[in-house]
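What follows is the residue order along each chain.
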Amino acid sequence: MKIVIATNNQGKVREFKAMLSPLGYEPVSLKDEGIKINVVEDGETFEENAHLKAKAVYDICRLPVIADDSGLEVDFLDGAPGIYSARYAGEDATDKDLCEKILSELEGVDESLRKARFVCALYCIIDEDAEYSVLGTLEGSIGTEPRGENGFGYDPIFMVDEERSVAELSEEEKNKISHRSNALHKLTAILSEEKE
């Protein structure tokens, strides 16, 4: 069964393919389906934004859809950047700009107060009668400098343990523990039950 992943990010599509193909789904991107859409994400939570995206795409293609909204929450910053993660350092900010903004806001803050998490909300619409929402997280802390060359966004400053940032993990390691894979595991569990 074809399932549209509401993204043009090929890295995300790869992650979804790895986990959904064994269940008999054929994940395709918006580009694969020729869908050009820019959804206004004005929800107040990751879940609301994922739902807005999924619904907008479903209304166009009438095929099963999965949309995600994800970001970083830093406890010391009262959960910021949260749903504003992608544009926290301005509309055209680079990944480097995003990391530098967080690091400057945490300058001099003790290690014990630098707890953070990546959050991923997935919203799946199979048809008019079947919709699912799941949340995945990855707990960690914000380091004091960028480390590693892999990943994107805040990965270089997000420490999964005392030794390594997410950007120092291999793609395989990251996919085992990431907030997206965490949410995707929950969703695939629901979808495999549906198939029975």
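Reading guide: rules and limits
- Residues numbered from 1 in each chain as written.
- Predicted model: local features only at pLDDT ≥ 70, side-chain atom pairs only at ≥ 80, totals over all residues.
- Heavy atoms only, no water.
- Buried < 20%, exposed > 50% of the residue type's maximum accessible area, 1.4 Å probe, protein only.
- Helix = DSSP H or I, 4+ residues; strand = E, 2+ residues; numbered from the N terminus.
- Pairing = 2+ DSSP bridges.
- Contact = heavy atoms within 4.5 Å.
- Axes fitted to C-alpha atoms, helices over the stretch in contact; angles between N-to-C directions.
- Salt bridge = Lys/Arg side-chain N within 4 Å of Asp/Glu carboxyl O.

Visitor: Which residues make up the pairing of strand β3 (residues 65–74), and what values go with them?
Guide: A large share of β3 lies buried, amounting to eight of its ten residues. When strand β1 (residues 2–5) meets β3, the two strands line up parallel, connected through two bridges. Of the residues in β3, the one forming a bridge with I5 is I66. Here β3 pairs with strand β4 (residues 115–127) via ten bridges, running antiparallel. Note that in β4 the partner of V74 across the bridge is A116.

Visitor: Tell me about the sheet that holds strand β2 (residues 26–29), and please be specific about residues and values.
Guide: Strand order across the open sheet formed by six strands is β2-β1-β3-β4-β5-β6, with mixed pairing between neighbours. If you trace the sheet from one side to the other, it starts and ends with β2 and β6 (158–159), each paired once. Both β4 and strand β5 (residues 130–142) contribute to a ladder of twelve bridges, which runs antiparallel. Its bridge partner lying in β5, Y123 is registered against S133. Of the strands in this sheet, β1, β2, β3 and β4 touch helix α1 (residues 10–20), which is tilted by about 170° from β2.

Visitor: How would you explain the side chain of S181 if you had to name every residue and give the values?
Guide: By the secondary structure assignment, S181 is in helix α5 (residues 179–195). Judged by relative accessible area, S181 falls into the buried class, the value being 2%. S181 has contacts with M19, N175 and K176, leaving out every residue within four places of it along the chain.

Visitor: Break down the pattern of salt bridges for me, citing the residues and quoting the values.
Guide: Throughout the structure, instances matching the rule amount to 18 salt bridges. Taking the shortest distance from any N to any O, the salt bridge between E128 and R62 comes out at 2.7 Å. Residue E128 is located in the loop between β4 and β5, and its partner R62 is located in the loop between α2 (46–61) and β3; the two are separated by 66 residues in the primary sequence. Owing to a relative accessible area of 54%, E128 belongs among the exposed residues under this scheme. You can call R62 partly exposed: its relative accessible area is 46%. R180 is paired through a salt bridge with D68; the nearest N and O atoms lie 3.2 Å apart. Note that R180 is positioned in helix α5 and D68 in strand β3, a separation of 112 residues in sequence.

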